[in-house]
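If you want the building blocks of each chain, they are given just below.
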Amino acid sequence: MDKITSLNLANNLSLNYEDVFSHLGNFKNLEKLNLGGNDIAEIPKSIGNISSLTELNLSGNKIVSLPSDFGNLINLKVLNLGSDASGQRKNLIDKFPGFTNLVNMEELDLSGIQMQKMPDFMGKMTRLRVLKMNWCSVIAISEALRNCKQLERLMLNYSMVSEIPDWIGELTELKELDLDANFFGWNVKKIIALPISIVDCKNLEILSLRDQLIKELPDDFCSLTKLKRFDLRNNAIEKLPNDISKLVNLKYLDLKANLLQGLPNSFSDLPKITFLDVSFNQNMNNQLLVDVLSKTTSLRLVDVSYMNMSATNISDLESALPKAKIVSSSLHNLPTPGTSNDEQPKK
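Basis of the calculations
Residues numbered from 1 in each chain as written. Predicted model: local features only at pLDDT ≥ 70, side-chain atom pairs only at ≥ 80, totals over all residues. Heavy atoms only, no water. Helix = DSSP H or I, 4+ residues; strand = E, 2+ residues; numbered from the N terminus. Polar contact = N/O pair within 3.5 Å; in protein donor to acceptor, adjacent residues only side chain to side chain. Contact = heavy atoms within 4.5 Å. Salt bridge = Lys/Arg side-chain N within 4 Å of Asp/Glu carboxyl O. Buried < 20%, exposed > 50% of the residue type's maximum accessible area, 1.4 Å probe, protein only. Arc of directions from axis to C-beta.

Draft legend 1. Highlighting the side chain of S197. On the secondary structure map, S197 appears in the loop between β8 (176–178) and β9 (206–208). Among the polar contacts listed, one links the side chain of S197 to the backbone oxygen of D166, at a separation of 2.4 Å. Excluding its chain neighbours within four sequence positions, the residues that come into contact with S197 are P165, D166, W167, I168 and G169.

Next up, the structure:
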């Protein structure tokens with residue numbers, strides 16, 4: 001068994017995990033262990049004897065507590081304690097004994113574990129590159145993360161975070177920031193503004209802020225020239241910066257269900273934009289929108305649904321952008337309750 005470095009026992013619901021743990025000490029050089037999706041309720045102290053582990057997956061179980069010996073896993077770089085892919089099977093951990101010893105951690109997934117406060121031990125994980133805490137109940141981004149200068153991906157979707165701290169700009173290696181809100185959540189638990197310091201995250205490539213209450217973007221936002229994907233669906237944005245053409249790497253922009261009245265003329269100078277969703281922006285001047293989009297030849301999919309666009313507007317778009325798919329569903333085309341599409345009256 002000394003030659004075995006990787007062991008995958010995931011999704012074996014009939015697994016006798018107590019027996020498994022009793023034998024794991026025989027794997028002297030085990031580096032990767034996957035026990036995800038096994039309904040494991042308790043982790044024995046013997047887990048701390050496998051000090052060679054660098055990757056451990058315990059996601060999608062029913063773990064209530066971790067032993068103090070967990071802190072002996074000082075070589076851990078990747079730890080997954082999150083929920084399964086469906087989000088239905090979650091661990092129930094509320095304490096993290098010995099985690100201050102896990103200073104080599106690079107990727108940590110705590111998704112689905114209910115906690116209102118980010119654990120302080122994160123401040124010791126100065127090599128952390130990826131932190132996933134989706135579907136947690138945290139109400140604030142902990143200052144402990146200020147020590148995580150190598151952080152590249154921060155995922156806090158469906159939390160109760162209502163503010164992005166000013167010090168976020170200190171995380172200069174950040175490439176992805178996901179803070180989608182719960183569509184059905186309380187407005188008092190939503191973000192209403194981006195800090196000016198967000199522009200210091202010069203390596204940002206993905207920024208997702210769905211279902212928040214953001215009204216405007218900070219000055220110099222378009223200095224984030226590495227941004228590739230920007231999701232502001234269901235916010236309160238009234239206008240985009242006039243210098244949006246500086247976002248030379250932007251490919252995907254979701255502005256569905258905002259308060260936009262138009263797009264700046266410089267939008268057509270975006271060289272790589274291929275996806276745009278401006279549906280449900282019912283304050284939009286449709287003719288001005290068509291004029292701008294008709295010159296944005298890199299587009300391949302444009303959603304202008306539920307904006308009361310005329311047939312002429314749609315036809316002009318289709319003619320100007322022959323390589324793009326134009327999605328243009330209308331409120332007038334929705335089925336009458338109790339009938340199918342085939343039963344709708346002909347016009």
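Let's pick the thread back up.
Draft legend 2. Local environment of the environment of L259. Within the secondary structure, L259 sits in the loop between β11 (252–254) and β12 (275–277). Residues L259 and I237, spaced 22 residues apart in sequence, show a C-alpha to C-alpha distance of 5.5 Å. When sequence neighbours within four positions are dropped, the list of residues in contact with L259 reads A236, I237, E238, N281 and N283.

Draft legend 3. Looking closely at the pattern of salt bridges. For the structure shown, the criterion picks out 13 salt bridges. The residue R210 makes a salt bridge to D231 at a minimum N-O spacing of 2.6 Å. One end of the pair, R210, is in the loop between β9 and β10 (229–231); the other, D231, is in strand β10, with 21 residues separating them in the sequence. Of the residues examined, R210 reaches a relative accessible area of 24% and is grouped as partly exposed.

Draft legend 4. Local environment of helix α3 (residues 311–320). Of the residues making up α3, those classed as buried are N313, I314 and L317. For α3, the angular spread of buried residues about the axis comes to 95°, placing them on one side. The outward face of α3, more than 90 degrees from its buried face, is lined by the exposed residues A311, T312 and S319. If you follow the buried residues of α3, they end up packed against α2 (286–293) and β14 (325–327).

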